[in-house]
Amino acid sequence: MNAQFDIPFSRRERDPLFLEYLKGYLDKELPLITNLANMAALIKTFYPELNWAGFYLSDGKKLTLGPFQGLPACTSIAFGTGVCGQAAKARQTLLVDDTAQFPGHITCDPLSQSELVVPIVVKNRLVGVLDLDSPVKNHFQKRDQDLFEQAVTLFIDIL
Ligand code: SME
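Parameters at a glance
Residues numbered from 1 in each chain as written. Predicted model: local features only at pLDDT ≥ 70, side-chain atom pairs only at ≥ 80, totals over all residues. Heavy atoms only, no water. Near = heavy atom within 4 Å. Areas by Shrake-Rupley, 256 points an atom, 1.4 Å probe, with all protein chains shown as cover. 1 Å grid on protein atoms, 1.4 Å probe; cavity = no way out; pocket = protein on both sides within 12 Å on 5 of 7 lines; lining within 4 Å. Sits in = over half its atoms within 2 Å of the grid points. Helix = DSSP H or I, 4+ residues; strand = E, 2+ residues; numbered from the N terminus. Expected span 1.5 Å × (residues − 1). Buried < 20%, exposed > 50% of the residue type's maximum accessible area, 1.4 Å probe, protein only. Contact = heavy atoms within 4.5 Å. Pairing = 2+ DSSP bridges. Axes fitted to C-alpha atoms, helices over the stretch in contact; angles between N-to-C directions. Polar contact = N/O pair within 3.5 Å; in protein donor to acceptor, adjacent residues only side chain to side chain. Salt bridge = Lys/Arg side-chain N within 4 Å of Asp/Glu carboxyl O. Core = buried A, V, L, I, M, F, W, Y, C linked by side-chain atoms within 4.5 Å.

## Thoughts on the site of the ligand
- Around the ligand there are 13 residues in total, and Val83, Cys84, Ile106, Glu115 and Asp133 lie nearest to it.
- Bound to the protein, the ligand loses 99% of the 300 Å² it would expose on its own.
- Of all the cavities here, the one that holds the ligand is the largest cavity.
- Looking at the shell around the ligand, the elements with two or more residues in it are β1 (52-58), α3 (82-90) and β6 (125-134).
- Examining the composition of the shell around the ligand, we find that three residues originate from one element, α3, more than from any other.

Below is the structure:
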């Protein structure tokens, strides 16, 4: 699917369009890494205000850097460490208003001021996490949590 992206400014229009494109790009015939690569690219295209958007994947022992858009990042995160590791361990979404106040936050990009991490759990197995970083404190709201949890659900649906 080729697309010319004309991204609406208003979130009320942008969010449903993003989910529509995501549905269009996700393809269960493709490898997981291929789907995640396009998902990271779509997130960064629709939400250019984020400085980092991508995935850490679980091998059952730790998280390893997966497809992403943004600056090069740390490659390995232990469960329970940083925002990603804690969200992975708890298998719960973590919304961090101020990364400087988060104990153990791992600074990959010094620009990151707030963060949203959504775990990807399929049939009780942790696949990885979606990690979104903003250069603005208090950027992520409940609507972002809902939106990106929905996006992760669309991804889970093709596995
Ligand atoms: N900030 C993350 C580490 C990954 S980078 O943001 C890409 C954390 O503390 O889990």
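## Focus: helix α4 (residues 142-157)
- Taking 1.5 Å per residue, 16 residues should reach 22 Å; α4 reaches 22 Å between its end C-alpha atoms and fits that length.
- Taken together, the buried positions of α4 are occupied by Asp144, Gln145, Leu147, Phe148, Ala151, Val152, Leu154 and Phe155.
- On its buried face, α4 sits against α1 (11-25), α2 (32-46), β4 (94-96), β5 (114-122) and β6.

## A short note on the sheet that holds strand β2 (residues 62-69)
- Pairing in this open sheet of six strands is antiparallel, and the strands run β3-β2-β1-β6-β5-β4 from one edge to the other. Both edges of this open sheet fall to β3 (76-78) and β4, since each of them pairs with a single strand only. Across this sheet, the average inter-strand angle for adjacent strands is 25°, counted without regard to direction.
- Bridging between β1 and β6 involves six bridges; their strand directions are antiparallel. Each residue of the ladder has a partner; that of glycine 54, found in β6, is aspartate 131.
- Each of β1, β2 and β6 touches α2; the most contacted strand, β1, lies at about 155° to it.
- Its contacts with the sheet put α3 on β1, β2, β3, β4, β5 and β6, and the angle it makes with β5 is roughly 35°.

## Section: the environment of lysine 62
- Structurally, the position occupied by lysine 62 is in strand β2.
- Residue lysine 62 is classed as partly exposed on the basis of its relative accessible area, which comes to 32%.
- Spatially, the C-alpha atoms of lysine 62 and proline 48 are 29 Å apart, while their sequence positions differ by 14 residues.
- Not counting chain neighbours up to four residues away, the residues in contact with lysine 62 comprise Leu57, Ser76, Ile77 and Phe79.
- For lysine 62, the side chain forms a polar contact with the side chain of aspartate 59, separated by 2.5 Å.

## Considerations on the pattern of salt bridges
- Across all of its chains, the model carries six salt bridges by this definition.
- When the shortest N-O distance is used, the salt bridge between aspartate 98 and lysine 137 registers 3.9 Å. With a gap of 39 residues between them, aspartate 98 in the loop between β4 and β5 and lysine 137 in the loop between β6 and α4 connect regions that are remote in the sequence.
- Look at lysine 137 and you get partly exposed, because its relative accessible area is 39%.
- The residue lysine 142 makes a salt bridge to aspartate 146 at a minimum N-O spacing of 2.8 Å. Taken together, the residues lysine 142 and aspartate 146, both in helix α4 and four residues apart, mark about one turn of the helix.
- What makes lysine 142 exposed here is its relative accessible area of 54%.
- Look at the salt bridges and you will find they share partners, linking Arg11, Asp15 and Asp144 into a network.

## Observations regarding the nonpolar core
- Counting residues in each nonpolar core, the largest one holds 32 residues, and the members touching the most others are Phe18, Ile43, Leu132 and Phe148.
- Put simply, the parts of the chain that give this core at least two residues each are α1, α2, β1, β5, β6 and α4.
- Each residue touching isoleucine 43, except ones within four places of it in the same chain, is listed here: Phe18, Leu50, Ala53, Leu130, Leu132 and Phe148.
- Counting 14 residues, the second-largest nonpolar core is a separate cluster that includes Ile77, Cys84, Ala87 and Ala88.

Interpretation note: all reported values are geometric properties and have no functional meaning in isolation.
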